[in-house]
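# A closer look at the structure
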Amino acid sequence: MTIRACVTGQPVTYSRSPLLHGYWLKAYGIDGAYEREEVPPETAADFYRNLAARGYAGCNVTLPNKEIAFSVLDEADESAAALGAANTLWLEGGKLHGASTDGYGFIANLDASAPGWDGARNCALVIGAGGASRAVVHALVGRGFDRVVLANRTLERAETVAALFGPTVRPLAFDRIAEVMGEADILVNCTSLGMKGSEPLTLDLKKLRGEAVVSDIVYVPLMTPLLKAASAAGFRTVDGLGMLLHQGVPGFRRWFGVTPEVTPELRAVLVEDLRAKGQLEA
C-alpha cells in the first residue's frame, strides 16, 4: 500500500519539500507519495487531528501553522516542547506525535559543511528573534555553547526569546552587534535580510574572529550578500539550503522507514531548481 505524506501550510505552492522527498522516494525505491496540502490556519487543527482519516502517515508543517500543530499533538518530542511548535508530524500507536526538526537540520548542515565549526563553543551570535531563530538558539544551547547572544532590532522581542532558554542566552540590541562580534565562534543570520527582494544584512565583518563561521538560513539566493562578503573576507560560510535538506531526514525516516542521506547529487537537484526559477543569485 502506498505510504502518503505531505507538506501543509499556507501557502505551500513554493515549498521544495515535494522535490526533496520525491527524490528520496525514487532513490530508495519506496512505494510512497509526498504531496502538497493547502491548509489555512482556521482549519489546521481539524486537519492535523484527522491525518489518518485523510490517508496520511504524517506531514510537514510550514507557516503559519507550526504552533497550531503543536497544540493538537498527543506526544511532543523535546524539541517541539521547548519551542511550542512542530514542523514534523507522524502517527504512531494511534497517537499524533510531533517534533521540530529545524534545529536538527541547522546543526547537521553545519557538521557536514564546516567540520569543526563548534570546536570552541564559547560564543554564538544569532541575529533575529523569529520562529526559525528560536530553533537555532535551542540547537546551539543543546550543542553546549557557553553563551548564545541574540540580537534583534526590537530588543524586547530578543528578551522574550532569551527568557525561554535561561541565562545561557543573552539578548542584545541590534546596534550593539559590533561589541560582541570579536568573541563569536559562529555568526548566524536568522532574519529575512538578504533574501531575494529584501534589503541585505550589512555588518562590519572585520570585527569577527578569523576562525569564525558565518551561516545564513536564507537560501534564496543561495549566496546571500552576507555570505558573499564573508567568503570574500576569508571566512568559512554555510548557506541555508543544507538546513532545508537535513531537516527533512527525521520526517522521512518516521513516515517511510528509511533514514535518507543528504548527498551532493540531492543538493544539485535543489540547486538546479533554484537556477531554473531564477532564484540562485541575488
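A word on the overall build of the protein chain. From N to C terminus, the protein chain includes 12 helices and 12 strands. Against the compact-globule benchmark of 19 Å for 282 residues, the protein chain has a radius of gyration of 19 Å, which places it among compact chains. Overall, the C-alpha framework of the protein chain stretches about 55 × 40 × 35 Å when taken along its three principal axes. The proportion of buried residues among the 282 residues of the protein chain is 51%. Here the contacts in the protein chain between residues at least 6 apart in sequence split such that 64% fall between residues at least 24 apart. Per element, the accessible surface of the protein chain, about 12500 Å² overall, is 51% carbon and sulfur.

Moving on to the environment of Gly-278. Assignment of secondary structure puts Gly-278 in the segment after helix H12 (264-276). Residue Gly-278 is classed as partly exposed on the basis of its relative accessible area, which comes to 43%. Taking C-alpha positions, Gly-278 is 26 Å from Ala-27, a pair spaced 251 residues apart along the chain.

Over its 13 residues, helix H6 (residues 131-143) runs 19 Å from end to end, which matches the ideal 18 Å to within 8%, given 1.5 Å per residue. Three or more residues of H6 are buried, namely Ser-133, Ala-135, Val-136, Val-137, His-138, Ala-139 and Leu-140. The inward-facing, buried residues of H6 contact helix H4 (78-83), helix H5 (102-113), strand S7 (123-127), strand S8 (147-152), strand S9 (169-173) and strand S10 (186-189). Taken from the residues just after H6, Gly-144 is the one with a positive phi, measuring 100°.

This structure, assessed with the given rule, holds seven aromatic pairs. Aromatic side chains Phe-47 and Tyr-56 sit 6.4 Å apart centroid to centroid with 40° between the ring planes, which places their arrangement in the tilted category. The burial state of Phe-47 is the same as that of Tyr-56; both residues are buried. One aromatic cluster in this structure is built from Trp-24, Tyr-34, Phe-252, Trp-255 and Phe-256. Just above the ring of Tyr-56 sits the side chain of Arg-4; from NZ or CZ to the centre is 4.2 Å. Across from the ring centre of Phe-174, 4.1 Å away, lies the NZ or CZ of Arg-153, which sits over that ring.

This brings us to the pairing of strand S5 (residues 88-92). In terms of strand pairing, strand S3 (residues 58-61) meets S5 through three bridges, oriented antiparallel. The residue bridging Asn-60 from the neighbouring strand is Thr-88, located in S5. Inspection of the sheet shows S5 paired to strand S6 (residues 95-99) by five bridges, in the antiparallel sense. Along S6, the bridge assignment pairs Trp-90 with His-97. Between S5 and S6, which pair antiparallel one after the other, the connecting turn spans two residues, and Gly-93 there sits at a positive phi close to 60°.

What counts and what doesn't
Residues numbered from 1 in each chain as written. Predicted model: local features only at pLDDT ≥ 70, side-chain atom pairs only at ≥ 80, totals over all residues. Heavy atoms only, no water. Helix = DSSP H or I, 4+ residues; strand = E, 2+ residues; numbered from the N terminus. Rg over C-alpha atoms; globule rule 2.2 N^0.38 Å. Buried < 20%, exposed > 50% of the residue type's maximum accessible area, 1.4 Å probe, protein only. Contact = heavy atoms within 4.5 Å. Areas by Shrake-Rupley, 256 points an atom, 1.4 Å probe, with all protein chains shown as cover. Expected span 1.5 Å × (residues − 1). Phe/Tyr/Trp six-rings, centres within 6.5 Å; stacked < 30°, edge-to-face > 60°. Lys NZ or Arg CZ within 6 Å of the ring centre and 35° of its normal. Pairing = 2+ DSSP bridges.

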